[in-house]
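# Inside the fold
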Amino acid sequence: MFSDIGALELVTLVVLAVLVFGPDKLPKVIQDVSRFVKKVRDFSDSAKEDIRSELGPDFKDFEFEDLNPKTFLRKQMDQNEDLRELKELRGSFDLKKEMNDVADAVHGREPQTSAVNGSAAAGAVTSANGTPDLLKKQDKPGTDERPPYDSDAT
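### Side note on the confidence of the model for the chain
Looking at the chain, pLDDT values average 76 and 69% of them are 70 or higher. Per-element mean pLDDT across the chain ranges from 43 in helix H5 (residues 115–122) up to 91 in helix H1 (residues 7–55). Confidence drops under pLDDT 50 across residues 114–124; counting only partners more than four residues distant or on other chains, this segment forms seven contacts.

This is the structure:
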């Protein structure tokens, strides 16, 4: 309940409570607040039990936390075998490698098979047919060399 309150905030609340209620009334106020919180919890627990009893035996395993959409989806995904297989498939899929393979196929190059080839090819700015390769990083221009100007981009 108070997991996001730090030590400094807690000390500030205690000092503020002592200043507002005074040291004489503070124990009585704490007892009243704790009694109120206990009544609210008892009321909510009895309401949950009433709802479960009215729903019948079909909803014996019903949890009110499942009404939260995130919890519901997580529970359904964990129970469904097909979705677990999709998670495993998604984990084995390397999007960056696949995109590089597709780009190599489009430009008519051989796919890169090792990291050494990949770093050597990264320095090349043009492909085999002389057109600029937009997927590879270009080297920084020298101090006297101006970057290329693209009138369509401006």
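### Overview of a nonpolar patch on the surface
On the surface, a cluster of nonpolar side chains totalling about 680 Å² of accessible area is made up of Ile5, Leu10, Leu13, Val14, Leu16, Val18, Val20 and Phe21. With respect to the helices and strands, Leu10 occurs in helix H1.

### Section: the pattern of salt bridges
Two side chains with opposite charge may pair up if their charged atoms get near one another. Inspection of every chain in the model, using the stated rule, returns five salt bridges. Between Asp32 and Arg35 there is a salt bridge; the shortest N-O distance is 3.4 Å. Linking Asp32 with Arg35, this pair stays in helix H1, spanning three residues, or about one helical turn. With relative accessibility at 32%, the residue Asp32 sits in the partly exposed group. Connected through salt bridges with shared partners, the residues Lys28, Asp32 and Arg35 form a single ionic network.

### Here we look at H1
Relative to the 72 Å expected for 49 residues at 1.5 Å per residue, H1 spans just 44 Å between its end C-alpha atoms, considerably shorter than the ideal helical length. The principal kink in H1, of about 100°, is found at Gly22, preceding the proline Pro23 by one to four residues. Positive phi shows up at Gly56, right after H1, with a value of about 95°.

### Points about helix H4 (residues 95–107)
With 13 residues, H4 extends 18 Å between its outermost C-alpha atoms, agreeing within 8% with the 18 Å of an ideal straight helix rising 1.5 Å per residue. Trailing H4 by a residue or two, Gly108 shows a phi angle of about 75°, which is positive.

### What about the environment of Arg35?
Residue Arg35 is classed as partly exposed on the basis of its relative accessible area, which comes to 46%. Polar contacts involving the side chain of Arg35 include one to the side chain of Asp32, which spans 3.4 Å.

Reading guide: rules and limits
Once a new chain begins, its residue numbering starts again from 1 and follows that chain's sequence as written. Thresholds applied to this predicted model are a pLDDT of at least 70 for local features of residues and 80 or more for the giving and counting of side-chain atom pairs; totals over whole chains, interfaces and linings are not thresholded and use all residues. Just so you know, side-chain values use all the structure's heavy atoms and leave hydrogens and water out. A residue's pLDDT is the confidence the predictor assigns to it, expressed on a 0 to 100 scale. Strands are runs of DSSP state E lasting at least two residues, helices are runs of H or I lasting at least four, and both sets are numbered from the N terminus onward. Should any heavy atoms of two residues lie within 4.5 Å, those residues are counted as being in contact. Patch membership requires over 30% relative accessible area and the absence of a salt bridge. Like charges are linked within 9 Å, and nonpolar side chains (Val, Leu, Ile, Met, Phe, Trp, Tyr) within 5 Å. Using a 1.4 Å probe, the Shrake-Rupley method yields the accessible areas, and only the shown protein chains count as cover for residues. Salt bridge, as used here: a side-chain nitrogen of Lys or Arg that lies within 4 Å of a carboxyl oxygen of Asp or Glu. Only protein chains enter the accessibility calculation, which uses a 1.4 Å probe. A residue is then buried if its area is under 20% of the maximum for its type, exposed if over 50%, and partly exposed in between. To estimate the expected span of a helix, count its residues, drop one, and scale the result by 1.5 Å. To get the bend at any residue, fit one axis to the seven residues that end at it and another to the seven that begin at it, then take the angle between the two axes. Polar contacts, as counted here, are pairs of nitrogen or oxygen atoms within 3.5 Å of one another; within protein the pair requires one atom able to donate a hydrogen and one able to accept it, and residues that are adjacent in sequence qualify only if both atoms are side-chain atoms.

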